[in-house]
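Chain and residue survey
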Amino acid sequence: MNGEVKVARLTASGRGAVAVIRANMTPPATAEYLDSCFRAANGIRPSQATIGRILYGMWDGEDVVVVRVGDDDWEIHCHGGDAAVQRISRQLMDDAPSSGSTVSECHENATEERLERAVLNQLLKCRTSRTASLLLAQYTGGLRRFLTLLSAQEDPQTTAAMLNEFLRWHSFAAHLTQPWRVAVIGQPNAGKSSLLNAIIGYERSIVFDQPGTTRDLVEAELILDGWPFVLVDTAGIRDRTSNDIEAIGVKSARKSVASCDVCLLVVDSQSGWTNADAELLDTVPATCQSGILWNKTDLLHGKPAPPSDMTAVTRVIETSAIDGIGIEDVITWLPAAMVPATPEAEEALPVVDTLASELTKYAASPSGVSLRNILAGWL
Ligand SMILES: Nc1nc2c(ncn2[C@@H]2O[C@H](COP(=O)(O)OP(=O)(O)O)[C@@H](O)[C@H]2O)c(=O)[nH]1
Ligand SMILES: [Mg+2]
């Protein structure tokens, strides 16, 4: 009779540097299967290794570490991305000679409660301690307390007010795990790539003094005031372009503007404000805030400042990518514009998107589904 294989991921799902998979291979047949998957650098076969022995080697072309942790148990430490974990787990599950197999997630914090599981899932995606502490407060009871209070509420007006207050944080809560997207747009050569590099502090985009050099979107993640941001460098958005390669960049730039939270329009102050800039500003969707970066001010030498009718309606920051003028202002303005207010420490936040959508739907037409029914699915 064949043995049995049980595979479990010990580390939490989500991004991580290293993931650990535990494999339980019950005799008689299966342990040797590990030997065919994994080649240790020192030639020791995992099925013959002494308990506690750490083996470094290759698994299907990938560096992994295998440790025998018991008579029938091995740990496989591999790259932390989901793809590597799934590939190794599936291989053990599907190809090892066994009579039956199971796979499970069994990291320590696993909980059976749907609400906490969903919040934990979000918590694992946090990139900053500021966002993680907000999520943690929801995980350790903040959200459950609020939903319990809400479900006990008899008065429709109070219920509506509680829901309103909760749901007004919907977009903010979503951004705790999905960075605010900043599209950097502008005419070719205005200094978009240079400014992006100045903001993120290292050379990331191509900077070249021939118009239309940035063909691909270049994204850079950064943390501003504890909040996650992604800056997207774009090709100049123009309606007609003679260059096909740049046209691809222009197309994706339009798409990128459509999905961004804020647009930074870079203007070359040497040329001043042009119709082309006005047209560009018009492409920014109403859902998206915009700011103007009046760039190359180091070259101005008395040339005109941004027109005052423009500064009256939009935030204009005078910048120089070369000597760093205004970069600090941009870095301060972005988080202030995106997060004008922060919730109180104890405030419940709609950090679970499915729940937030269900409640938003309910709030729009309270006579339809019953609130108790919705909440019963979570409590
Ligand atoms: N003097 C000066 N030159 C700049 C500034 N920003 C960009 N440049 C120059 O303008 C040219 C185009 O810059 P780039 O960032 O590639 O523009 P993009 O096409 O908008 O991405 C390069 O030669 C840059 O060095 C600035 O603030 N001051
Ligand atoms: Mg560029």
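Calculation rules
Residues numbered from 1 in each chain as written. Chains lettered and ligands numbered in written order. Predicted model: local features only at pLDDT ≥ 70, side-chain atom pairs only at ≥ 80, totals over all residues. Helix = DSSP H or I, 4+ residues; strand = E, 2+ residues; numbered from the N terminus. Buried ≥ 20, exposed ≤ 12 C-beta atoms within 10 Å, placed from the backbone. Contact = placed C-beta atoms within 7 Å. Axes fitted to C-alpha atoms, helices over the stretch in contact; angles between N-to-C directions. Parallel < 35°, antiparallel > 145°, perpendicular 65-115°, else oblique. Arc of directions from axis to C-beta. Pairing = 2+ DSSP bridges. Expected span 1.5 Å × (residues − 1). Bend = angle between axes of the 7 residues up to and from the residue. pLDDT = per-residue confidence, 0-100. Core = buried A, V, L, I, M, F, W, Y, C linked by C-beta atoms within 7 Å.

Let us now look at the overall build of the chain. When helices and strands are counted, the chain shows 13 helices and 13 strands. Considering the chain as a whole, with its 379 residues, one finds that 32% of them fall into the buried category. Taking the contacts inside the chain whose residues are at least 6 apart along the sequence as the reference set, 62% of them involve residues at least 24 apart.

Another point: the packing of helix α3 (residues 114-123) against helix α4 (residues 129-152). Closest axis-to-axis distance for the α3/α4 pair is 9 Å, and the angle between their directions is 175 degrees. Here α3 lies roughly antiparallel to α4, going by the angle between them. Listed contacts from α4 to Leu115, Glu116, Val119, Leu120, Gln122 and Leu123 of α3 are Ala132, Leu135, Leu136, Gln138, Tyr139, Leu143 and Arg144.

With respect to the secondary-structure elements, Arg127 resides in the loop between α3 and α4. Counting along the chain gives 50 residues from Arg127 to Thr177, while the straight-line C-alpha distance between them is 7.3 Å.

Before going further, it helps to spend a moment on α3. Those residues of α3 lying buried are Glu116, Val119, Leu120, Gln122 and Leu123. Projected onto a plane normal to the axis of α3, the buried residues spread over an arc of 155 degrees and lie on a single side.

Our next topic: the environment of Ala356. With respect to the helices and strands, Ala356 occurs in helix α12 (residues 353-364). Note on Ala356: 19 C-beta atoms within 10 Å, which makes it partly exposed. Sequence-wise, Ala356 and Leu167 are 189 residues apart; in three dimensions their C-alpha atoms are separated by 7.0 Å. In this structure, Ala356 is in contact with Leu167, His170 and Pro350, ignoring residues within four places of it in sequence.

In space, the 6 strands of this open sheet follow the order β9-β10-β8-β11-β12-β13, with mixed pairing throughout. Where the open sheet ends on each side, the last strands, each with one partner, are β9 (218-224) and β13 (315-318). Going across the sheet, the axis of each strand differs from the next one's by a mean of 25 degrees, ignoring polarity. Of the strand pairs in this sheet, strand β8 (residues 180-186) and strand β10 (residues 227-233) are connected by 5 bridges, and their pairing is parallel.

With that settled, the discussion passes to the pairing of strand β6 (residues 73-79). Pairing geometry for strand β2 (residues 18-25) and β6, over 7 bridges, is antiparallel. Its bridge partner lying in β6, Ala19 is registered against Cys78. Across 4 bridges, the pairing between strand β5 (residues 62-68) and β6 is antiparallel. Across the sheet, residue Val67 finds its bridge partner in β6, namely Glu75. Count of turn residues in the β5/β6 antiparallel hairpin: 4 residues.

Looking now at α4. The terminal C-alpha atoms of α4 lie 33 Å apart, and with 24 residues this matches the ideal 34 Å at 1.5 Å per residue to within 8%. The largest bend in α4 is about 65 degrees, located at Tyr139. By the burial criterion, the buried members of α4 are Thr131, Leu134, Leu135, Gln138, Tyr139, Gly142, Leu143 and Leu150. Looking at the buried positions of α4, the neighbouring elements they touch are α3, α5 (156-167), β10 and α13 (371-376).

Looking at the chain as a whole, its pLDDT mean stands at 85, while 83% of the residues score no less than 70. A low-confidence stretch, residues 105-111 stays under pLDDT 50, and its non-local contacts, those more than four residues away or across chains, total 14 contacts.

The next thing to look at is the nonpolar core. Val182, Val184, Cys263, Leu265 and Leu293 are the most contacted members of the largest nonpolar core, which has 33 residues in total. Those elements that provide at least two residues to this core are β8, α7 (192-200), β10, β11 (262-268), β12 (289-295), β13 and α11 (327-338). In terms of residue count, the dominant contributor to this core is β11 (6 residues). In this structure Val182 touches Phe229, Val230, Leu231, Val232, Cys260, Val262, Leu264 and Leu334, once residues within four positions along its chain are discounted.

So, about unusual backbone geometry. If you check the backbone angles, Asn189 has positive phi at about 80 degrees while not being a glycine. Looking at where Asn189 falls in the secondary structure, it is placed in the loop between β8 and α7. Given 20 C-beta atoms within 10 Å, Asn189 falls into the buried group. Of note in this structure, Lys296 is not a glycine but carries a positive phi near 65 degrees. Within the secondary structure layout, Lys296 lies in the loop between β12 and α10 (308-313).

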